[in-house]
Amino acid sequence: MQRDEEKLGRYFVNPPDDISLASVDLDHLPRHISLIMDGNGRWATSRGLDRSEGHVAGVKALRETITASVRLGIDVLTAYAFSTENWRRPQHEVDLLMHLFATTLVRELPLFERENVRLVFLGDLEALPRQTKEVFEEGLNETAAHTGMTLGLAVNYGSRAEMVRAARTLAAKVSDGTMSIDDIDADAFSDELYTTGLPDPELLIRTSGEMRLSNYLLWQLAYTEFYVTDTYWPDFGRWDLLRAISSFQSRDRRFGGVK
Ligand code: FPP
């Protein structure tokens, strides 16, 4: 991925004491970083605000993380915005999130245009409110030819549902004779997932201290390095991203082998 060194330097000015651009090896960045953006509600409640304010602040944190990732030259950034289980939240919070997704996307399209960001969605968009779905489709079409960073937004996403869907598609292909059972392997399965064509995440960041996967990318995270921070998502920013990358670069990745 191309990197504009001048813009990069300007984006990461005035570092805090513990981290700076010099702390990371820019030649060995993770190609795909994935985010579980947790803690919006607690961030808001701890400030005496409504949970909705936490989601609005969360959008700002996502914008900063997207910009920082583009500046660094990350190939793929994926973020868990709404799970198949999140429909269980109070209706007004679901409505607010769906509205926030749509307005955010419309507002950020110029950023994606300027920064050459390609948008993809992970999840079943059919169940989304019409306006949100239409805006997402517009975002997909308008950014499809972009060649910079790929931004994957997981919305109405659940990993088990994704895998069941892949299994059904493969079974249908075998049943109609377009595929033989022997052709079913890990690559064929991966090709039927929402992440088809994307490399597996090398680094997963989860905010607000929870140590669980919450039905997120269970197949794709097989060899991913995890980074969990106590920071609530709305407080996450460019320096936290560097902290996560620096931690990733200190790991000894063996992929089940020995070195
Ligand atoms: C988790 O916090 C956060 C969410 C469920 C929503 C995250 C969504 C965004 C930041 C906006 C994404 C933007 C687009 C355009 C897709 P929580 O509510 O679970 O917090 P809690 O655990 O403290 O209650």
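Residues numbered from 1 in each chain as written. Predicted model: local features only at pLDDT ≥ 70, side-chain atom pairs only at ≥ 80, totals over all residues. Heavy atoms only, no water.

### Points about helix α6 (residues 159–175)
Rule in force here: Here a strand is any run of E in DSSP of at least two residues, a helix any run of H or I of at least four, and the numbering for each starts at the N terminus. To estimate the expected span of a helix, count its residues, drop one, and scale the result by 1.5 Å. Classification of residues uses two cut-offs on accessible area relative to the type maximum, computed with a 1.4 Å probe and protein chains only: under 20% is buried, over 50% is exposed, and between them is partly exposed. Of all possible arcs, the one meant is that of the directions from the helix axis to the C-beta atoms. Residues count as neighbours in contact if any of their non-hydrogen atoms are within 4.5 Å of one another.
In a regular helix each residue adds 1.5 Å, so 17 residues correspond to 24 Å; α6 covers 24 Å between its end C-alpha atoms and thus fits that length. Buried within α6 are the following residues: Ser 159, Glu 162, Ala 166 and Leu 170. Viewed along the axis of α6, the buried residues span an arc of 70 degrees, placing them on a single side of the element. Of the residues in α6, the exposed ones pointing more than 90 degrees away from the buried face are Arg 160, Arg 168 and Ser 175. Turning to α6, the residues buried within the fold contact β4 (150–157) and α7 (186–191). Following α6 by one or two positions, Gly 177 has its phi on the positive side, about 85 degrees.

### Some remarks on the site of the ligand
Rules: Each residue is tested against the molecule or strand, and it is near if at least one of its non-hydrogen atoms lies within 4 Å. Between N or O atoms, a polar contact is any pair within 3.5 Å; within protein, one atom must be a potential hydrogen donor and the other a potential acceptor, and residues adjacent in sequence are included only when both atoms are from side chains.
The environment of the ligand is formed by 18 residues, the closest being Met 37, Gly 41, Arg 42, Arg 51 and Arg 89. At 3.0 Å from an oxygen atom of the ligand is found a side-chain nitrogen or oxygen belonging to Asp 38. One of the side-chain nitrogen or oxygen atoms of Arg 51 is found 3.0 Å away from an oxygen atom of the ligand. Only α2 (40–45), α3 (51–72) and α4 (91–114) provide two or more residues apiece to the shell around the ligand. With 5 residues, the single largest contributor to the shell around the ligand is α3.

### What about the packing of α3 against α4?
We apply this condition: Every axis in this analysis is a line fitted to C-alpha atoms, fitted for helices over the stretch in contact. Angles between the N-to-C directions lie between 0 and 180 degrees. Orientation categories follow fixed angle ranges, with anything under 35 degrees roughly parallel, anything over 145 roughly antiparallel, 65 to 115 roughly perpendicular, and all other angles oblique. Put simply, a crossing is left-handed when the front helix is turned counterclockwise from the back one by less than a right angle, and right-handed when it is turned clockwise. Throughout, the ten residues Ala, Val, Leu, Ile, Met, Phe, Trp, Tyr, Cys and Pro are labelled nonpolar, Asp, Glu, Lys and Arg are labelled charged, and all others, Gly among them, are labelled polar.
Between α3 and α4, the shortest axis-to-axis distance is 11 Å and the interhelical angle comes to 30 degrees. Classified by the interaxial angle, the pair formed by α3 and α4 is roughly parallel. Where α3 crosses over α4, the handedness of that crossing is right-handed. Residue-level inspection shows Arg 51, Ser 52, His 55, Val 56, Val 59, Arg 63, Ile 66 and Thr 67 of α3 in contact with α4, the latter providing Glu 93, Leu 96, Leu 97, Leu 100, Thr 104, Arg 107, Glu 108, Leu 111 and Phe 112. A class-by-class count of the residues in the contact of α3 with α4 yields 8 nonpolar, 4 polar and 5 charged.

### What to know about the environment of Val 106
Along the chain, the position of Val 106 falls in helix α4. Each C-alpha atom, one on Val 106 and one on Val 59, is 13 Å from the other, the two residues being 47 residues apart in sequence.

### Here we look at the layout of surface pockets
Selection rule: Space inside and on the surface of the protein is sampled on a 1 Å grid over the protein atoms alone, with a cavity defined as a set of points where a 1.4 Å probe fits but cannot get out and a pocket as an open set with protein on both sides within 12 Å along at least 5 of 7 lines; lining residues have an atom within 4 Å of a point. Grid points are joined across faces, edges and corners, and a volume is the space filled by probe spheres set on the points.
In this structure, the largest pocket spans a volume of roughly 770 Å³. What lines the largest pocket is a set of 37 residues, and nearest its centre among them are Met 37, Asn 40, Tyr 80, Ala 81 and Phe 82. For the lining of the largest pocket, the secondary structure elements donating two or more residues are α2, α3, β2 (76–83), α4 and β4. For the lining of the largest pocket, the leading source of residues is α4, giving 8 residues. Here the lining of the largest pocket is built from residues that sort into 19 nonpolar, 9 polar and 9 charged. When its volume is computed, the second largest pocket comes out at roughly 220 Å³. Looking at side-chain class alone, the lining of the second largest pocket contains 4 nonpolar, 4 polar and 6 charged residues.

### Focus: the nonpolar core
Selection criterion: By convention a nonpolar core is built from buried Ala, Val, Leu, Ile, Met, Phe, Trp, Tyr and Cys residues, the set being connected through side-chain atoms within 4.5 Å.
Ranked by internal contacts, the top residues of the largest apolar core, which has 51 residues, are Phe 12, Ile 33, Leu 35, Leu 72, Phe 112, Leu 153 and Ile 205. The contact partners of Ile 33, leaving out residues within four places of it in the chain, are Ile 74, Val 76, Leu 77, Thr 78, Leu 203, Ile 205, Leu 241 and Ile 245. Counting 13 residues, the second-largest nonpolar core is a separate cluster that includes Val 120, Ala 154, Leu 217 and Leu 221.

### Notes on the sheet that holds strand β6 (residues 225–228)
As a reminder, the rule being used: Paired strands, as defined in this entry, are two strands with at least two bridges between them according to DSSP.
What the 6 strands build is an open sheet, ordered β3-β4-β2-β1-β5-β6; its pairing is parallel. The open sheet has two edge strands, β3 (118–122) and β6, and neither has a second partner. Taking the axes of each pair of neighbouring strands and ignoring which way they run, one obtains an average angle of 20 degrees across the sheet. Strand direction decides the pairing type here: β2 and β4, joined by 7 bridges, are parallel. Bridging across to β4, Tyr 80 finds its partner in Ala 154. Against the sheet, α3 engages β1 (32–36), β2 and β4, with an angle of about 165 degrees to β2. Against the sheet, helix α5 (residues 130–143) touches β3 and β4, its axis set at about 140 degrees to β3.

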